[in-house]
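Survey of secondary and tertiary structure
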Amino acid sequence: MVAGAAVAAAVLVSLNATGAPAAPVASVAPVAAAGQDAAVQGGNADTLRALAKRAGLKIGTAVDMSALNNDATYKDRVAAEFNSVTAENVMKWSEIEPTRGVLNFGPADQLVAFAKANGQSVRGHTLLWHSQLPGWLTEGVASGDIDSAELRQLLKQHVFDVAGHFRGKIYQWDVANEVIDDNGQLRDTIWLQKLGPGYIADVFRWAHQADPKAKLYINDYNVEGLNAKADAYYELVKQLKADRVPIHGFGMQGHLGVQFGFDGRALQNVQRFEALGLETSFTEVDVRMLMPADNPKLHAQANGYSILLRACLLAKKCTSFTVWGFTDKYSWVPGFFTGQGAANLLDENFGQKPAYQAVKETLALAG
Ligand code: XIL
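What counts and how
Residues numbered from 1 in each chain as written. Predicted model: local features only at pLDDT ≥ 70, side-chain atom pairs only at ≥ 80, totals over all residues. Heavy atoms only, no water. pLDDT = per-residue confidence, 0-100. Contact = heavy atoms within 4.5 Å. Core = buried A, V, L, I, M, F, W, Y, C linked by side-chain atoms within 4.5 Å. Buried < 20%, exposed > 50% of the residue type's maximum accessible area, 1.4 Å probe, protein only. Helix = DSSP H or I, 4+ residues; strand = E, 2+ residues; numbered from the N terminus. Salt bridge = Lys/Arg side-chain N within 4 Å of Asp/Glu carboxyl O.

Details of the confidence of the model for the chain
Chain-level statistics for the chain give a pLDDT mean of 91 and a share of 88% at 70 or above. Segment residues 1–43: pLDDT under 50, and 56 contacts once partners within four positions in sequence are set aside and those in other chains are kept.

Printed below as a string of structure tokens:
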């Protein structure tokens, strides 16, 4: 966030010191000035997006296109609560090009149109990843039908196809996603194996040519605090900057779990990346828990969201804070982490959880 940083710092320090929100600050906040966003939606100013706007922050959510098309409450909440959206899946390579040479931009275009109609910005996710690749690509590489030279050409074409298609419509692109493993080594993927480590600089250069105005991000999970993986990113980004690679942002996914506890040094981590000349964002925040959920877990969860949001608000160049879905009704968590769930701000019936209240209160204090 940029505007109101000093106010945010003062208020949040007092929040930390007393352990309780400074209620009068929130209640005297100039709600009437909450801006166009709320007016555009015809709703009240008491939404995350109205509060985030006052705080100078983009607040986003990943969007599940089938939920958007089939669930009116979901659609209404996306429009009302957020001023930024990310495609949860429909901009990934497997979705865009399931058949080689046949590009399907339909669902992603629909999201971009929805965002425009609702005064929202769009984060692009993601140009380069080792997961959700089309079968023809992974099978071709495995069988040897696609050699290294052809793979490099396919990747380049993909970046130009996708970043070019959305040119001028995306404010931040997750150009490279999850390229380092939890030990701090470059991840062992087909990209590293076949193209060598230079592929990372290449994709940023290609993306910059295809869409010169978009802010280009490197993005990963388990990099929200100080650890070997975050250190490895720090060194990688430093090198990319030294090599004049067009990289502009460090994205921290923020997939946390109550059972692991939270690293309280998120702000320190954000600040060291900003000192390298990057902006920062939290890009996929959710805080899962072992099921069943209970009150202590839900309050711990609220604290997890708050730690990341506070780091963003207190930093100088943290521009967006995106949650990876906002209702437990459509969360990816139960399908990927056995026995875990309840990771989002709203429950399965769109009821507000303590985490929603915490996010709202923290935004209100910062505005
Ligand atoms: C997840 C989606 O939420 C799921 O619907 C999909 O089946 C798998 O991918 N890190 C990322 C996201 O960068 O793209 C992932 O999204 C979650 C982890």
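Next comes the rest of the description.
A short note on the nonpolar core
Of all hydrophobic cores here, the largest spans 108 residues; its most connected members are W173 and I218. Among the elements that make up this core, the one with the highest residue count is helix α15 (residues 295–314) (9 residues).

A look at the pattern of salt bridges
One pass over the structure, following the stated rule, counts 13 salt bridges. The salt bridge involving D231 is made with R272; its shortest N-O contact spans 2.9 Å. Separated by 41 residues along the polypeptide, D231 in helix α13 (residues 228–242) and R272 in helix α14 (residues 266–275) bring together distant segments of the chain. Overall, D231 belongs to the partly exposed group, its relative accessible area being 36%. Across the pair R265 and D263 runs a salt bridge, and its minimum N-O distance is 2.9 Å. Under the relative-accessibility criterion, D263 is labelled partly exposed at 26%. What you see here is one network of salt bridges that share partners, running through D76, R77 and E81.

Side note on unusual backbone geometry
In this structure, T126 follows H125 across a cis peptide bond, with omega equal to -5 degrees. Turning to its location among the elements, T126 is positioned in strand β3 (residues 121–128). Following M291, the chain continues into P292 via a peptide bond in cis, with omega recorded as 5 degrees. The residue P292 is located in the loop between β8 (279–290) and α15 in this model. Phi angles above zero are rare outside glycine, and Q132 is one such case at about 50 degrees. Tracing the backbone shows Q132 in the loop between β3 and α9 (135–143). A positive phi is found at R244, a non-glycine position, where the angle reads about 60 degrees. According to the relative accessible area criterion, R244 is exposed, its value standing at 72%.

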